[in-house]
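If you want the building blocks of each chain, they are given just below.
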Amino acid sequence: MKVDELLCRQETIVRRSHDNGKSVDADNELLMRLCDRKRRIIDRVIRIEAALDAKS
């Protein structure tokens, strides 16, 4: 849940900076890093859930 909120806030920041004339490349790089971070967190949660299922 927190990851989704963080990503939404960052996307809003990127949109605002883009509207103010900032570089699109820097914005895209930031979004790619955020998406990659979210993917890694989700993968980690899935591994933890699988480990807990294996123990039960």
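Residues numbered from 1 in each chain as written. Predicted model: local features only at pLDDT ≥ 70, side-chain atom pairs only at ≥ 80, totals over all residues. Heavy atoms only, no water.

Asks: Could you clarify how one ought to interpret the overall build of the protein chain in this entry?
Replies: In terms of regular secondary structure, the protein chain is built from 2 helices and 0 strands. The buried share among the 56 residues of the protein chain stands at 11%. Surface exposure of the protein chain reaches about 4900 Å², of which carbon and sulfur atoms provide 56%. (Helix = DSSP H or I, 4+ residues; strand = E, 2+ residues; numbered from the N terminus. Buried < 20%, exposed > 50% of the residue type's maximum accessible area, 1.4 Å probe, protein only. Areas by Shrake-Rupley, 256 points an atom, 1.4 Å probe, with all protein chains shown as cover.)

Asks: Looking at this structure, how should I read the pattern of salt bridges?
Replies: In a structure, side chains of opposite charge can pair up when their charged atoms sit close to one another. Inspection of the entire model under this criterion finds 4 salt bridges. For Arg33, the salt bridge is made with Glu29, and the minimal N-O distance between the two is 3.1 Å. Of this pair, Arg33 and Glu29 both sit in helix H2 (residues 24-55), 4 residues apart, which is roughly one turn of that helix. Judged by relative accessible area, which is 49%, Glu29 ranks as partly exposed. (Salt bridge = Lys/Arg side-chain N within 4 Å of Asp/Glu carboxyl O.)

Nothing here speaks to function; it is geometry throughout.
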